[in-house]
Amino acid sequence: MRKRVPVLAIMFFAVSPAWAQSPPPPDQAEQIRILLERVQQLEKRVAELETKPTAAAGAAATAANVPAAAKPEMAEAAPPGPGHQHEMAERQAATEQMEVHYPSLQIRGFGDVDFSVTDEKGSTSGFNLGQLDLHLASALSRKVTYFGELTFNAHPTNYTVEVERSIIRYDYNDFFKLSFGRYHTPIGYWNTAFHHGAWLQTTISRPDFVKFGGTFIPVHFLGLWAEGNIPSGGAGLAYNFGVGNGRDSMISRPGDFGDINNNRAWVANLYSRPARLYGLQMGVSVYRDKITLPVVTPAGNEFREWISAAHIVWTKETPEFLAEFANVNHKSILTNAITNNQAYYVQIAYRLPWFEKTLKPYYRFEHTHTPLSEHVFANLDLVESIAGLRYDITNYASFKGEYRNTKRLPTEPRVNGAFFQTDFTF
């Protein structure tokens, strides 16, 4: 644009003397006037583009931490007709208007309804209302954004509201972004890739060792978080590093109201997304904390906690492959006794080419082991197989059905169950 506009103007004024030798007819004069106005409009547009941020930069700042509305492989290209061009022009105008006015709040939502039946003694079958999840994103300036996540949860006697994430982020550049608030702990892959909206993930439930409300790893973290890319060419290296409050006295929750002790927890995550293998991600994570339990065990009530994790995933859906491993090491400060707890899962899925690619069968195997000498965790032993099918009703809603075979303790029988879910985003 910067080079073409002056060329048009030069060409126009070069031929204008020839027209000036003889007065142009009225229709030619009108054409000359229109051409002059077009040149002035183009030059004005170039000046505007040079003095304000691009639409892409504004959209990226606004959409920080917000999941995509529809999966790229499910999206359909609209025909380039006049109606489509008009719609695109309106969207671009709305984006440009949003760039200028701050704050600009966007709200997205997720929900699900579930049904389950098992052969476990004492269990009852029936429906239950899953989480109603709201994502709130607002650009506060070209480099500062806010993101929040609220969930509404059904209980036997009431509903509760949870602040799952509340983050303000400063994007200095692609290599350094700094956030403050409550976020999902960057341990492994699943915990930061799939959030509370069940529609985001292939399966009905999360793996047991990263489930919300679980104790194996700290799912949430309160503090500061730095992230960004690492100059590495085609290796596609990136990092996360956080410092903040560790586990609370109830170890399934972070220290939202303050840390339980004067020891800060920290977490680091390094991963690679090779440019030539789009969809592949490999990474390692470490987490360090000091745990103070409210009750004294035979090994005391203070423990050092080391968590190490590794993951490898292939996010393309033909096939989709996810695998993670985590080891949680606890060392008693009183007795120096050490325990190691391990958990892993392997999940594979494939989006079938028929029925407009709406069907996606999947299988997951997961295993968790806690030794008998463990004092921080209750027994978390698990061996589970899951086989299911996801059917995408639209780009924004799906139906899932799966069979689970679960065994907890060696003395307990296996439990078989059928689970169904309708989930959606809006």
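Quick summary incoming for the structure in this document. (Residues numbered from 1 in each chain as written. Predicted model: local features only at pLDDT ≥ 70, side-chain atom pairs only at ≥ 80, totals over all residues. Heavy atoms only, no water.)

**A few points about unusual backbone geometry**
Working step 1: The omega torsion of the bond from Tyr102 to Pro103 falls at -5°, within 30 degrees of zero and hence cis.
Working step 2: Relative to the elements of secondary structure, Pro103 occurs in the loop between α4 (82-100) and β1 (104-118).
Working step 3: A cis amide bond links Thr318 to the next residue, Pro319, at an omega of 5°.
Working step 4: On the secondary structure map, Pro319 appears in the loop between β11 (300-314) and β12 (320-332).
Working step 5: Although it is not a glycine, Phe355 adopts a positive phi angle of roughly 55°. (Helix = DSSP H or I, 4+ residues; strand = E, 2+ residues; numbered from the N terminus.)

**As for the pattern of salt bridges**
Working step 1: Under the definition given, this model contains 20 salt bridges.
Working step 2: Residues participating in the shared-partner salt-bridge network are Glu317, Glu320, Arg351, Lys360, Arg390 and Asp392. (Salt bridge = Lys/Arg side-chain N within 4 Å of Asp/Glu carboxyl O.)

**A look at the side chain of Ser285**
Working step 1: Inspection of the secondary structure puts Ser285 in strand β10 (residues 280-297).
Working step 2: One polar contact links the side chain of Ser285 to the main-chain amide nitrogen of Gly188, over a distance of 3.0 Å.
Working step 3: Here the side chain of Ser285 touches Asn269 through a polar contact of 3.0 Å, side chain to side chain.
Working step 4: With sequence-adjacent residues up to four places away left out, Ser285 is seen in contact with Pro186, Ile187, Gly188, Ala268, Asn269, Ile307, Ser308 and Ala309. (Polar contact = N/O pair within 3.5 Å; in protein donor to acceptor, adjacent residues only side chain to side chain. Contact = heavy atoms within 4.5 Å.)

**Overview of the nonpolar core**
Working step 1: Counting 35 residues, the largest nonpolar core has Phe209 and Phe216 as the members making the most contacts within it.
Working step 2: For this core, the elements supplying multiple residues, two or more each, are β7 (220-229), β9 (265-272), β10, β11, β12 and β13 (338-349).
Working step 3: The biggest single contributor to this core is β11, with four residues.
Working step 4: Residues Ile204, Ala349, Ile386 and Phe419 belong to the second largest nonpolar core, which totals five residues. (Core = buried A, V, L, I, M, F, W, Y, C linked by side-chain atoms within 4.5 Å. Buried < 20%, exposed > 50% of the residue type's maximum accessible area, 1.4 Å probe, protein only.)

**A word on the pairing of β7**
Working step 1: Here strand β6 (residues 176-184) runs beside β7; their pairing, made up of eight bridges, is antiparallel. Within β7, the residue paired with Gly181 across the bridge is Gly223.
Working step 2: Bridging between β7 and strand β8 (residues 237-245) involves eight bridges; their strand directions are antiparallel. Bridging from a neighbouring strand, Ala226 pairs with Phe241 of β8. (Pairing = 2+ DSSP bridges.)

**Structural notes on the pairing of strand β16 (residues 397-407)**
Working step 1: Across the 11 residues of β16, eight count as buried, placing the element largely inside the fold.
Working step 2: Bridge count for strand β15 (residues 382-394) against β16 is 11 bridges, and the pairing is antiparallel. Bridge pairing in β16 links Leu389 to Gly401.
Working step 3: Two successive antiparallel strands, β15 and β16, enclose a turn made up of two residues.
Working step 4: Note that β16 and strand β17 (residues 415-425) share 10 bridges and pair antiparallel. Bridged to Glu402 within β17 is Phe419.

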